[in-house]
Amino acid sequence: MTTQTRGLLFAGTTSDAGKSLVTAAACRLFARNGIKVAPFKSQNMSNNSMVCADGSEIGRAQWLQAVAAGVEPETAMNPVLLKPGSDRRSHIVLLGQPAGTLEAGEFATGRAHLARAAFEAYRDLASRYDVVLAEGAGSPAEVNLRGGDYVNMGLAREMGLPVVVVGDIDRGGVLAAMFGTLGMLDPADQVHLKGWIVNKFRGDLSLLRPGLTTLEERTGRPVLGVVPWLTDLWLDSEDALAIGAWPQAETPTLRVAAIRFPRISNATDLDALAAEPGVAVTFTTSASELADADLVVLPGSRATMSDLAWLRSRGLDEAIARRVAEGRPVLGICGGNQMLAGTIHDPHGIESGGESPGLGLLPTRVDFGVEKLLGRPEGTWRGEHVAAYEIHHGVTTLDPDQPGSSDAEPFLDGFSSGAVWGTTWHGAFESDGFRRAFVSEVASRTGSPWTPEPGAPGYADRREDMLDRLADALDEAVGFQPLLDLVDGGVHA
């Protein structure tokens, strides 16, 4: 049964069309105008996640949208999070906690219990907030999945939501994608689609207007606005397509190479490093790029043992070992930290089961437990405060039977040995003092001339600035009032 609620759904013509950022911009815009607004996404498929204050796990994009709205992130804002563990299996996080797996064959028809939880979470938010701004997933034109859909038109139908479709013009073909999106929907779903937003436009808008007019004529829906391409802007991506989308430093004095694992997780750990003036960060699968960098980072992984096997198959383990032998810096974060260990034990089959040798670059061992550890830890390093979050099954401990264990030093919750550091803490680099102290340590070990830029803004300030710029762009392109009119007008206005 359809429930009329005060909200709006931003769908997309494709993944990475920009609906996450448009939703974040709308959250900031509504909040600026005195409206208590909550973000929402029924189901997120991403290995980029965040831990809320109550210890629950949600998608990173919804956490960012809550920050944009000026409200506390919570489980109801992303009740279902699917974390891909392979091409055919995803791990379910339901209401912030692990809840089994979902096989590829179950995706269209095996999610009824997830839909019920998502709808209940939406209604809970709607009862406590003035407006709920929802984000879709992928594209509503994926009609092969429509039967079990509760994140795109399924949500719109259930809650009586108007829908705005966002399209990325930088990819090309955006007008056809919008026209085709409407054409693929059945009439009952088409009723909900109220307009279009063209995203990432650069050039002379007058050249685009004839196409926009034709789209409006053929679909009977208005183009609500054209959002320009915004330079020097990237924000907490949920999509692997957007990993490493930050602009590179024009004259970098310190280079960071992060390994792009097939099952990379929480790649947003590198965002704050990339924002630091003079630091260039790239994701790579090239041994030569690992050799050339001042710092190599093994980031998080949703499948540590599988990604470790992949690392070895490409000879990247040898490239990393050569760096360590030369005393050149290497950092492992969460799954990457686990790979640095001497041994990895998985007695409960959390991943592939059994025991596997790690890279042996830290005198540690990893034991995978049944319980998933979620938290918001804090600590210090070199006198600098660090606030972070953790999401992991594997527990890393010092192994006294391994060479070098007596010389290992504490590093956050992990250990360091020589120029190798390991920690399970995500988000540590968002602590400005720690980040700059760590990069200074890397620079001193490599002979890099990098030094912190006096007066450079902190990362939280940069994030706030980017959110404000996004909201300004949406306000200029679309305007607050037209969006509010859609919210208040509902579906049949």
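Residues numbered from 1 in each chain as written. Predicted model: local features only at pLDDT ≥ 70, side-chain atom pairs only at ≥ 80, totals over all residues. Heavy atoms only, no water.

Visitor: Which residues make up the pairing of strand S16 (residues 295–298), and what values go with them?
Guide: Side-chain alternation along S16 places Leu295 and Val297 on one buried face and Val296 and Leu298 on a second face that is also buried. With 3 bridges connecting them, strand S13 (residues 254–259) and S16 associate as parallel partners. From the neighbouring strand, alanine 258 faces S16, where its bridge partner is valine 297. In this sheet, strand S18 (residues 330–333) lies alongside S16 in parallel orientation, the contact comprising 3 bridges. (Buried < 20%, exposed > 50% of the residue type's maximum accessible area, 1.4 Å probe, protein only. Helix = DSSP H or I, 4+ residues; strand = E, 2+ residues; numbered from the N terminus. Pairing = 2+ DSSP bridges.)

Visitor: Which residues make up the sheet that holds strand S1 (residues 7–12), and what values do they have?
Guide: Strand order in the open sheet formed by 6 strands is S2-S9-S1-S10-S11-S12, with parallel pairing between adjacent strands. Each of the sheet's edge strands pairs with one partner strand only, and the pair in question is strand S2 (37–40) and strand S12 (223–228). Taking the axes of each pair of neighbouring strands and ignoring which way they run, one obtains an average angle of 20° across the sheet. Bridging between S2 and strand S9 (residues 131–135) involves 4 bridges; their strand directions are parallel. Across the sheet, the residue bridging to phenylalanine 40 is alanine 134, located in S9. Across the sheet, helix H2 (residues 60–69) touches S2 and S9, and the angle it forms with S2 is around 170°. Across the sheet, helix H5 (residues 174–184) lies against strand S10 (163–168) and strand S11 (193–201), angled at about 150° from S10, the strand it touches most. (Axes fitted to C-alpha atoms, helices over the stretch in contact; angles between N-to-C directions. Contact = heavy atoms within 4.5 Å.)

Visitor: Describe the packing of aromatic side chains, listing the residues and the values that go with them.
Guide: In the structure shown here, the tally under the stated rule is 12 aromatic pairs. Consider the rings of phenylalanine 411 and phenylalanine 434, whose centres lie 6.2 Å apart with planes at 40°: the pair is tilted. Here the residue phenylalanine 411 occupies a position in strand S25 (residues 409–411), and phenylalanine 434 occupies one in helix H13 (residues 432–446), the gap between them amounting to 23 residues. The residues phenylalanine 411 and phenylalanine 434 share a single accessibility class, namely buried. Clustering of aromatic rings is evident, with ring pairs tying together Trp381, Phe411, Trp421, Phe429, Phe434 and Phe438. The positively charged end of lysine 36 is found above the aromatic ring belonging to tyrosine 129, 4.9 Å away from the centroid. Taking NZ or CZ as reference, arginine 202 lies 3.8 Å from the ring centre of tryptophan 229, over its face. (Phe/Tyr/Trp six-rings, centres within 6.5 Å; stacked < 30°, edge-to-face > 60°. Lys NZ or Arg CZ within 6 Å of the ring centre and 35° of its normal.)

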